[in-house]
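# Examining the three-dimensional arrangement
Each chain, written out:
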Amino acid sequence: MTTPISNVEQIKQASRHLRGSLRESLGDAHTGAIRADDTALIKFHGSYQQDDRDLREERRQQKLEPAYSFMIRTRTPGGVVTPRQWLALDAIATRHANGSLRLTTRQALQFHGVIKRKLKATLQAINASLIDTIAACGDVNRNVMVSANPVESPAHALVHDWARRLSEHLKPNTRAYHEIWLDEERIAGGEAESEPLYGDTYLPRKFKIAFAVPPHNDVDVFAHDLGCVAILEEGALAGFNISVGGGMGATHNDAETYPLLGQLIGFATPDQLFAIAEAVLATQRDFGNRSARKRARLKYTIEDRGLDWFKGEVERRAGFALAVTRPFAFEHNGDRFGWSEGHDGRWHLTLRIEAGRIADRGASTPMSGLRAIAGSHRGDFRLTPNQNLVIANVAAEDRAAIDALVARHGLDLHRRASPLRLHALACVALPTCGLAMAEAERYLPDLLGKVEGLLEKHALADAPIHLRISGCPNGCSRPYLGEIALVGKAPGRYNLMLGADRRGQRLNALYAENIDEAAILAHLDTLFARYAAERNAAEAFGDFLVRAGVVRPAAGIPLEVIA
Ligand code: SRM
Ligand code: SF4
């Protein structure tokens, strides 16, 4: 007996290449929501329907519909934004959204709180700034990530360019976006529209690609469906080691779902890259699970059919065999803060943006500060995969003016914050995320203060421990790659995961289940005491926990193959 395809597959199939009844939904003034089927389709256009969960109960009691609004996410490959675009996005956030900009863990920007009536104008304004939101969400290739500082050497810039071109190459073909949001006319009697790469039902699930440039693994390349590790030889780009089948998402109490690291399958030259990417994507399109969405990511296709089968299928479709994986070594998966000089004498300032949220609140005015910087900046901005922001390509003589604005608007966390605070990640969670089981972004500052207190108690204030928190097991802050991670279970309760490394090469493991803050802090207190007393010189917290047998994570990417 064949398993029936999922509801979302049926919606995609009937959608006429993602058009559905979105036009009708937008025109219905009786509700702030769109039709149920359209909520699946609007994701492909870069938006999610949400409601304010802080107001849910109150509105239910008042017999009002939920306070619906829309989140909009940009497609910004490698996270590059010009100052002019920054100013436009800032104005859109103020005029149409909730007054904040949110930097994501995938080098994109999100707007929250856009009501249905303003949705079209908002998307038009984003497009007018020459940024789009096509395929920022949905069952397609998402925003392509690339190491945040592609200006370190000419080869970095080349890698960035490959990432940008691949993002364009894998964009869906449908004109639905242009017709619905940008009022493009459909050519009557014109050629039938086709989706040569995706087909009528697109992919079984989301698909993510990242490019890392060793020794930096800021993109967490092994968390991706397709990872490309740039191999630079004598300063030139030789090609990419290819990894497949990484992913973070899991569901509590469902052993069929779990995070996995990508696995290396070989080396491709730059001119082979598109063929390999297309072959990986098409293999997943044809063999991915279209019945159970929880098992539909590429990682499970590979788990179910085997890595050798997968590699063979990819090589058959590409028409050539991959070469042997080349040596490389990662040092770190965090960001490097403060000023750094590029190969061409231009300067780059990486600012810490806590949980990626940019909003003016009281005396803290980062939004105004970045607006002022964008007003005179002659370089560009780079969003990092760790929710931070680089003011990039600054001439030496412009540094002092930028430093002054950074200090005036409290954007100088990189000078003041503890290493723990600088590297921490939190997903959005409440109140906008419909899947959140516990707080993350809003809880992060308070949680960090308490963990910092414990580190100080054990004379570990300078320990650069990576802590990540997610409001549910979907893993949007890539928590399974945190040395310490909190994964939301219920309001105020989390699974405590421990023992990842700081290179993005080893997942952590469950240490304590469904515990509250007091229990989390008590466990950390004990473990910090042991770490302070028993660690080897320069031993990272996660590595110590594994050596000491506190947790036993699954083996990661073997270092000896790589280094
Ligand atoms: Fe995510 C769903 C936010 C990066 C795994 N993610 C969601 C949604 C859209 C909730 C929903 O489906 O209704 C969240 C919207 C919250 C809000 O109010 O804004 C959401 N994800 C985010 C962001 C904004 C987190 C952040 O704080 O930065 C990140 C946006 C990235 C972007 O710009 O595209 C974000 N999400 C990730 C990552 C990290 C990454 O890709 O490097 C992951 C783990 C990697 C992976 O995909 O395996 C991730 N998000 C998920 C999943 C689980 C997917 C799975 O395979 O099971 C979901 C749920 C789903 O797809 O059903 C999800
Ligand atoms: Fe929402 Fe869960 Fe993703 Fe956090 S991890 S943003 S709670 S889906």
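Quick summary incoming for the structure in this document. In this convention, every chain numbers its residues from 1, walking through the sequence in written order. The naming scheme follows written order: chains are lettered A onward, ligands numbered 1 onward. Only residues with pLDDT of 70 or above have their local features reported here, since the model is predicted, and side-chain atom pairs are shown and tallied only from 80 upward, although totals for entire chains, interfaces and linings are computed over all residues. For side-chain calculations, the full set of non-hydrogen atoms in the structure is used, while hydrogens and water are omitted.

Below, the discussion takes up the overall build of the protein chain. Where helices and strands are cited, they refer to DSSP runs of H or I of at least four residues and of E of at least two residues respectively, numbered from the N terminus. Scanning the protein chain for helices and strands turns up 19 helices and 20 strands. What you see for the protein chain is a C-alpha radius of gyration of 23 Å, in line with the 24 Å of a compact globule of 563 residues. With the C-alpha coordinates of the protein chain rotated into their principal frame, the extents come out at 75 × 55 × 55 Å. Buried residues are those whose accessible area, probed at 1.4 Å on protein chains only, stays under 20% of the maximum for their type, while exposed residues exceed 50% and partly exposed ones sit between those limits. Per-residue burial over the protein chain gives 58% buried out of 563 residues. The reference for a compact globule is 2.2 Å times residues^0.38; the radius of gyration itself is calculated from the C-alpha atoms.

Among the 29 residues in the neighbourhood of ligand 1, the closest are listed as Thr 104, Met 248, Thr 432, Cys 476 and Arg 478. We call two N or O atoms a polar contact when they sit within 3.5 Å, provided that within protein one can donate a hydrogen and the other can accept it, with sequence-adjacent residues counted only if both atoms are side-chain atoms. Side-chain polar atom of Gln 50 to an oxygen atom of ligand 1: 2.8 Å apart, as the coordinates give it. Between Thr 104 and ligand 1, the recorded distance is 2.6 Å, taken from a side-chain N or O atom to an oxygen atom. Of all the secondary-structure elements, those providing two or more residues to the shell around ligand 1 are strand 1 (47-51), strand 2 (68-73) and strand 5 (109-114). Gly is placed with the polar residues, together with every amino acid not listed as nonpolar (Ala, Val, Leu, Ile, Met, Phe, Trp, Tyr, Cys and Pro) or charged (Asp, Glu, Lys and Arg). When its residues are assigned to classes, the shell around ligand 1 shows 10 nonpolar, 11 polar and eight charged. For this purpose, a residue is taken to be near a molecule or strand whenever a single non-hydrogen atom of the residue falls within 4 Å of it.

Right, let's get into the sheet that holds strand 8 (residues 226-233). Two strands make a pair as long as DSSP finds a minimum of two bridges between them. The five strands are arranged 6-7-8-9-10 in an open sheet whose pairing can be described as mixed. Two strands in the sheet have a free side with no partner beyond their single neighbour: strand 6 (145-146) and strand 10 (263-268). Where strand 9 (residues 236-244) lies against strand 10, five bridges are found, and the strand directions are antiparallel. Opposite Asn 241, over in strand 10, you have Phe 267 as the bridge partner. Taken strand by strand, helix 7 (residues 154-169) contacts strand 6, strand 7 (209-212), strand 8 and strand 9, and its axis lies near 50 degrees from that of strand 9. The contact criterion used is simple: two residues touch if any of their non-hydrogen atoms lie within 4.5 Å. For every element, the axis is a line fit to its C-alpha atoms; helices are fit only across the contacting stretch, and the angle between N-to-C directions ranges from 0 to 180 degrees.

It is worth spelling out the pattern of salt bridges at this point. Put simply, a salt bridge is a Lys or Arg side-chain nitrogen that is within 4 Å of an Asp or Glu carboxyl oxygen. As enumerated under the stated definition, the model contains 45 salt bridges in all. We note a salt bridge from Asp 90 to Arg 371, for which the minimum N-O separation is 2.9 Å. Here the residue Asp 90 occupies a position in helix 5 (residues 83-96), and Arg 371 occupies one in helix 12 (residues 366-376), the gap between them amounting to 281 residues. A relative accessible area of 4% means that Asp 90 is categorised as buried. Classification of Arg 371 by relative accessible area gives partly exposed; the value is 34%. Each of Glu 9, Lys 12, Asp 139, Arg 290 and Arg 293 takes part in salt bridges that share partners, so that together they form one network.

This part is about the site of ligand 2. Around ligand 2 sit Cys 427, Val 428, Ala 429, Cys 433, Leu 435, Ala 436, Ser 470, Gly 471, Cys 472, Asn 474, Gly 475 and Cys 476, and that is every residue in its neighbourhood. Each residue belonging to the shell around ligand 2 can be placed in one class, and the counts come to eight nonpolar, four polar and no charged.

This paragraph deals with the environment of Val 324. Its place among the elements puts Val 324 in the loop between helix 11 (307-318) and strand 11 (338-341). The class for Val 324 is exposed, based on a relative accessible area of 70%. Separated by 16 residues in the primary sequence, Val 324 and Ser 340 place their C-alpha atoms 34 Å from one another.

The subject of this paragraph is the sheet that holds strand 20 (residues 509-515). Spatial ordering of the open sheet is given by 16-17-18-19-20, a layout of five strands whose pairing is mixed. In the strand order of this sheet, the two ends are held by strand 16 (425-426) and strand 20, each with one partner. Judged from the two bridges that link them, strand 16 and strand 17 (residues 467-470) form a sheet pairing that is parallel. Bridging across to strand 17, Leu 425 finds its partner in Arg 468. Where helix 16 (residues 444-457) meets the sheet, its contacts fall on strand 16, strand 17 and strand 18 (484-490), and the angle it forms with strand 17 comes to roughly 145 degrees. Running over the sheet, helix 17 (residues 517-534) touches strand 18, strand 19 (493-498) and strand 20 and is turned about 145 degrees from strand 20.

Now for helix 11. One turn of an α-helix holds 3.6 residues; hence residues three or four places apart share an orientation. To estimate the expected span of a helix, count its residues, drop one, and scale the result by 1.5 Å. Taking 1.5 Å per residue as the helical rise, helix 11 with its 12 residues ought to reach 16 Å, and the 16 Å between its terminal C-alpha atoms agrees with that figure. Phe 310, Glu 313, Val 314, Glu 315 and Ala 318 are the residues of helix 11 that are buried. Positive backbone phi, approximately 90 degrees, marks Gly 319, located one or two places after helix 11.

Direction vectors running N to C along helix 9 (residues 273-287) and helix 11 enclose 120 degrees, while the axes themselves pass 8 Å from each other. Looking at the two axes, helix 9 sits oblique to helix 11. Along this stretch, helix 9 crosses helix 11, giving a crossing that reads as right-handed. Every residue of helix 11 that contacts helix 9 at Ala 275, Ile 276, Ala 279, Val 280, Ala 282, Thr 283, Arg 285, Asp 286 and Phe 287 is listed here: Trp 309, Phe 310, Glu 313, Val 314, Arg 317 and Ala 318. Broken down by class, the residue content of the contact of helix 9 with helix 11 amounts to 10 nonpolar, one polar and four charged. The labels follow the angle: roughly parallel below 35 degrees, roughly antiparallel above 145, roughly perpendicular from 65 to 115, and oblique for the rest. For any pair of crossing helices, the crossing counts as left-handed if the nearer helix is rotated counterclockwise from the farther one by less than a right angle, and right-handed if it is rotated clockwise.

Remember that the coordinates give geometry; whether it matters functionally is a separate question.
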